[in-house]
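# Architecture and fold: a report
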Amino acid sequence: MNVRQLTVNAIRALSADAIQKANSGHPGLPLGSAPIGYTIFADFLKFNPKDPKWDDRDRFVLSAGHGSMLLYSLLYLFGYDLSKEDLINFRQLGYKTPGHPEYGHTPGVETTTGPLGQGIANAVGMALAEAHLAATFNREGFPIVDHYTYALCGDGCLEEGISYEACSFAGANKLGKLILFYDDNDITIEGDTDITFREDVAMRFKAQGWQVLHVEDANDLDQLRRCVRKAKAETEKPSLIICKSIIGYGSPLAGSEACHGAPLGEENVRKLKENLGWTCPPFEIPDEVAEHCGAIARKGASRQGKWKKLFKEYEQAYPALAALYRQYMSGDLPDLKQEADLFDFPKPDATRGTSAAVLNKLADRIPNLIGGSADLAPSNKSNMKKRADFSAQNYAGSNIHFGIREHAMAAIANGIQLHGGLRAYCATFFIFTDYMKHAMRLSALMHLPVTYILTHDSIGVGEDGPTHEPVEQLIALRTIPNMKVFRPADGKETAAAWISALTGNGPTALVLTRQNLPQYQNSGLEALKGGYVLADSEKPVPDVLLIASGSEVEPCMKAKDILKGKGVDARVVSMPCIEEFERQPQSYKDEVLPPEVKARVCVEAGSPYSWYRYAGEAGEIIAMSTFGASAPANQLFEMFGFTADNVVEKAFRSLNKV
């Protein structure tokens, strides 16, 4: 048996042993796709395991993340910082081999995958980022950005709608350095794919503008190599390589759904190894396999050395561009808090409008800002006016037209951010975050500072009616760990929200109004604390606290004046970001919301569930407990009680409880 086939079998044996030891996992894909993974890493992938974050490395995404042992076996064999102990302790606490690949947890893992289809869209974002950076920085003789994105998916990924959205986008934009391997084994958990999935996948991808190639037997390493070469030769289209494989190859359960998501069993592992001619003890590999993989890894390190030499020459030829490249890759930003013009808003405006003003000022300061909308840029006001559009004809453009593909848009933005060198944002109506939720959750899980511009934030949408009026979306996003949700009340709070988004270590949702709001004298950088005193009481201790976010700050400010005329001294607290407020010291929170003040009114045109912690036993909450309606916005705010008079009434009701 030659060393190439021996290495393929090493991947299979390591995967089977780890899954059996854990008594948990998915052996089917690693056994069937081992030749695919080996071919990518051994023959094509540009990588250096000693520097897994090298800028110009190729990216490999395992979209079918349940087959994680395939990836861990590859990373281990090819010299990444993954130990035999990590393999032995697959799916165990404290090791680098979690059940599904996790970005930031395991060296060499480019993105967190497991929710099917997400990895495909992430790979599209990575390929987009490569194309944009190459168009920005490459010059004749200096291809300093020149790498491919490879991804491996299964039937499940292609059944998910996100894959259709993402692959349609990739084809329309002719992302020719994206190569997707389809592990076509005809099996899902419930059995043969024929029960649900009968479409002609090749025709589907051809219709989307992809080159489609076929490997009739995934075990044919020569045919795999030929197809990858053809894929790399096609620069005008992304490529799909359909690889006919056998799930659980080599085991007695081969071809059956029984080996998809459960260990093979000790006897079947023994028979697998017998069928493969594998004689090494568990978690051991032959010396020739170690030497073979080590030589490939050293070749990768040599390629990085050549790239570094090229970059030094590039610095001499194009010093300004080289400095800009380093700035992009460093992630460093100017001190935006000192930029006074970001906070200049002389007249009432919708926060979607003030966001647009801030975004365009930021675009002048942050050249690597890139993003766009799901076909709603004129309404979201998410276009950078001085920038060109990203397209197949102009990869240097940075306004992205995602099309009506909200789910893929969010996951593609994740891929752009994961690639490195760029700051990604995307935009849509707030209501459509329901389509985007899983990708947004993964932004938070991976600590990616993607900025989500989410406009038309409440019943203020008006005549479009309850299908387009968010009610439960605020609480849904606020429950995601590591997600910041900013709902600013005016332009200066919007500027603070953008600063927070760009300087944080996770995603930020900017929840913005369609309708105009006033500008407040005392708003500004205090909004970075999440909640602050916008208009204080005259007494050292106020009689009542009026707490609100976004557009509902306005009726609270009006109610304060009415209450003053009735002998009640109120403090107005603007709470644009609960997550940031909760991060503040308790002393600050008590200063803003004195515990001794029990009379409180919390106001927000969304679900009430965010506000019980602040209302307390005596407080009142004005919120949405039903869906909205179709009518002019001002009528709806009155109908649902978001008025100064109702705030005043609820303030007296709360005072009477104390």
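Just so you know, the residues in each chain are numbered from 1, in the order the chain's sequence is written. Since the coordinates come from a predicted model, pLDDT governs what is reported: local features require at least 70, and pairs of side-chain atoms require 80 or more to be given and counted, while whole-chain, interface and lining totals use all residues. Think of the side-chain values as coming from all heavy atoms in the structure, minus any hydrogens and water.

## Some remarks on empty space enclosed by the protein
- Cavities and pockets are found on a 1 Å grid laid over the protein atoms alone: a cavity is a set of points where a 1.4 Å probe fits but cannot escape, a pocket is an open set with protein on both sides within 12 Å along at least five of seven lines, and a lining residue has an atom within 4 Å of such a point. Grid points are joined across faces, edges and corners, and a volume is the space filled by probe spheres set on the points. Per the stated rule, a full pass over the model turns up 4 cavities of 30 Å³ or more.
- Around the largest cavity sit Phe41, Leu45, Phe47, Pro52, Arg57, Asp58, Arg59, Phe60, Leu75, Tyr80, Gly108 and Glu110, which together line it.
- Under the convention adopted here, Pro, Cys and the residues Ala, Val, Leu, Ile, Met, Phe, Trp and Tyr are nonpolar, Asp, Glu, Lys and Arg are charged, and Gly plus all remaining residues are polar. Grouping the constituent residues of the lining of the largest cavity by class yields 7 nonpolar, 1 polar and 4 charged.
- The volume enclosed by the second largest cavity comes to roughly 60 Å³.
- Lining the second largest cavity, in full, are Gly371, Gly372, Ser373, Ala377, Ser382, Asn383, Asn399, Ile400, His401 and Tyr425.
- Those elements giving two or more residues to the lining of the second largest cavity turn out to be β8 (369-373) and β9 (399-401).
- In terms of residue class, the lining of the second largest cavity is built from 3 nonpolar, 7 polar and no charged. Runs of E in the DSSP output that reach at least two residues are strands. Runs of H or I that reach at least four are helices, and both are numbered from the N terminus.

## Examining the pairing of β8
- Across the 5 residues that make up β8, a large majority, 5, are buried.
- Each residue is placed in one exposure class: buried if its accessible area under a 1.4 Å probe, protein chains only, is under 20% of its type's maximum, exposed if it is over 50%, and partly exposed if it falls in between. Across the two faces of β8 the burial is the same, with Leu369, Gly371 and Ser373 and Ile370 and Gly372 all buried.
- In short, DSSP must find at least two bridges between two strands for them to pair. Bridge count for β8 against strand β10 (residues 423-429) is 5 bridges, and the pairing is parallel. Note that in β10 the partner of Gly371 across the bridge is Tyr425.
- Two elements, β8 and β9, share 3 bridges in a ladder whose sense is parallel.

## Notes on the side chain of His419
- Tracing the sequence through the fold places His419 in helix α15 (residues 406-419).
- Pairing of N or O atoms within 3.5 Å defines a polar contact, subject to two protein rules: one partner must be a possible hydrogen donor and the other a possible acceptor, and residues neighboring in sequence count only if both atoms are side-chain atoms. In this structure the side chain of His419 is engaged in a polar contact, spanning 2.8 Å, whose partner is the side chain of His147.
- Contacts are residue-level and defined by heavy atoms, with any inter-residue pair within 4.5 Å sufficient. If sequence neighbours within four positions are ignored, His419 has contacts with Arg59, Met126, Ala129, Glu130, Leu133 and His147.

## Quick notes on the environment of Asn48
- Here Asn48 is to be found in the loop between α2 (28-44) and β1 (59-62).
- For the pair formed by Asn48 and Asp58, sequence separation is 10 residues and the distance between their alpha carbons is 9.8 Å.
- Discounting residues that sit within four places of it in the chain, Asn48 has contacts with Trp54, Gly300, Ala301 and Gln304.
- A polar atom in the side chain of Asn48 sits 2.6 Å from the side chain of Gln304.

## As for the sheet that holds strand β2 (residues 149-154)
- Strand order in the open sheet made by the 5 strands is β1-β2-β3-β7-β6, with parallel pairing throughout. Lying at the two open borders of the sheet, with one neighbouring strand each, are β1 and β6 (211-215). On average, adjacent strands in this sheet sit at an angle of 20° to one another, irrespective of strand direction.
- Direction of pairing for β2 relative to strand β3 (residues 178-184): parallel, over a ladder of 6 bridges. Axis definition: a line fitted to C-alpha atoms, over the contacting stretch in the case of helices. Angles run 0 to 180 degrees between N-to-C directions.

## Quick look at the nonpolar core
- To form a nonpolar core, buried Ala, Val, Leu, Ile, Met, Phe, Trp, Tyr and Cys residues must be joined to one another through side-chain atoms within 4.5 Å. One finds Phe41, Phe78, Tyr150, Phe181 and Ile241 to be the most contacted residues of the largest nonpolar core, which totals 147 residues.
- When residues of this core are assigned to their parent elements, the largest contribution, 12 residues, is made by helix α5 (residues 118-137).
- Setting aside chain neighbours within four positions, we find Ile241 in contact with Ile179, Leu180, Phe181, Tyr182, Leu213, Val215, Cys227, Val228 and Ala231.
- In terms of nonpolar packing, the next biggest core, distinct from the first, is built from 73 residues, Leu342, Ile459, Leu502 and Leu528 among them.

## A closer look at the packing of aromatic side chains
- In summary, the pairing rule links any two rings of Phe, Tyr or Trp, Trp by its six-membered ring, whose centres are within 6.5 Å, and it sorts them by plane angle into stacked for under 30 degrees, edge-to-face for over 60 and tilted for everything else. Throughout the structure, instances matching the rule amount to 28 aromatic pairs.
- Ring centres of Tyr609 and Tyr612 lie 6.0 Å apart, and the angle between their planes is 55°; this geometry places the pair in the tilted category.
- Of the residues examined, Tyr609 reaches a relative accessible area of 59% and is grouped as exposed.
- Of the residues examined, Tyr612 reaches a relative accessible area of 48% and is grouped as partly exposed.
- Arranged with centres 5.9 Å apart and planes meeting at 55°, the rings of Trp611 and Tyr614 form a pair that is tilted.

These values are about where atoms sit, not about what they do.
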